[in-house]
Amino acid sequence: MAQASTESIKALVEYVAISLVDDPKSVKVTPATKENYIVMELTVDPEDLGKVIGKNGQTARAIRTLVNAAASHAGEKVIFEIKE
């Protein structure tokens, strides 16, 4: 079950990020399992970084909220990070 929920959360992050950026091919989501949680790392083109973060971090905060809701529904603990 954990693998399926990880993949669905990864797909959610990819979908949202691809919708926001100008270069969808640069979107890369890497899940990494830690001790008792999963880290979702989002990498985008440096020129699209501002679009993913948003004004005052509002877009990044909204993505985190979506990820946390999906993770909670799946019974997982997920940390969302944007790599520069």
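The shown structure was predicted, so the numbers you read here are calculated from the model rather than taken from an experiment. (Residues numbered from 1 in each chain as written. Predicted model: local features only at pLDDT ≥ 70, side-chain atom pairs only at ≥ 80, totals over all residues. Heavy atoms only, no water.)

Asks: Quick rundown of unusual backbone geometry? Include the residues and the values.
Replies: Trans peptide bonds make up the majority, and among non-glycine residues the majority have a negative phi. You will see that asparagine 56, though not glycine, has its phi angle at about 55°, which is positive. In this fold, asparagine 56 is placed in the loop between helix H2 (49-53) and helix H3 (58-74). What makes asparagine 56 exposed here is its relative accessible area of 68%. (Helix = DSSP H or I, 4+ residues; strand = E, 2+ residues; numbered from the N terminus. Buried < 20%, exposed > 50% of the residue type's maximum accessible area, 1.4 Å probe, protein only.)

Asks: Run through the pattern of salt bridges, naming residues and quoting values.
Replies: Pairing is possible between side chains of opposite charge, provided their charged atoms come close. In this structure the tally under the stated criterion is three salt bridges. Lysine 83 is paired through a salt bridge with glutamate 41; the nearest N and O atoms lie 3.8 Å apart. Of the two residues, lysine 83 sits in strand E3 (residues 78-83) while glutamate 41 sits in strand E2 (residues 38-43), which places them 42 residues apart along the sequence. Residue classification places glutamate 41 among the partly exposed residues on the basis of a relative accessible area of 24%. As a salt-bridge pair, aspartate 48 and lysine 51 come within 3.9 Å of each other at their nearest N and O atoms. Judged by relative accessible area, which is 3%, aspartate 48 ranks as buried. A residue is classified by how much of its surface remains accessible, and lysine 51, at 35% relative accessible area, is partly exposed. (Salt bridge = Lys/Arg side-chain N within 4 Å of Asp/Glu carboxyl O.)

Asks: Requested: an account of the environment of isoleucine 18, with residues and values cited.
Replies: Checked against the element boundaries, isoleucine 18 lands in helix H1 (residues 2-20). For the pair isoleucine 18 and valine 52, spaced 34 residues apart in the sequence, the C-alpha separation amounts to 9.5 Å.

Asks: Could you give an account of the nonpolar core, naming the residues involved and the relevant values?
Replies: Counting residues in hydrophobic clusters, the biggest one holds 20 residues, and the most contacted among them are Leu42 and Phe80. Ignoring sequence-local partners within four residues, the contact set of leucine 42 consists of Val13, Ala17, Val27, Lys28, Val29, Val52, Phe80, Glu81, Ile82 and Lys83. (Core = buried A, V, L, I, M, F, W, Y, C linked by side-chain atoms within 4.5 Å. Contact = heavy atoms within 4.5 Å.)

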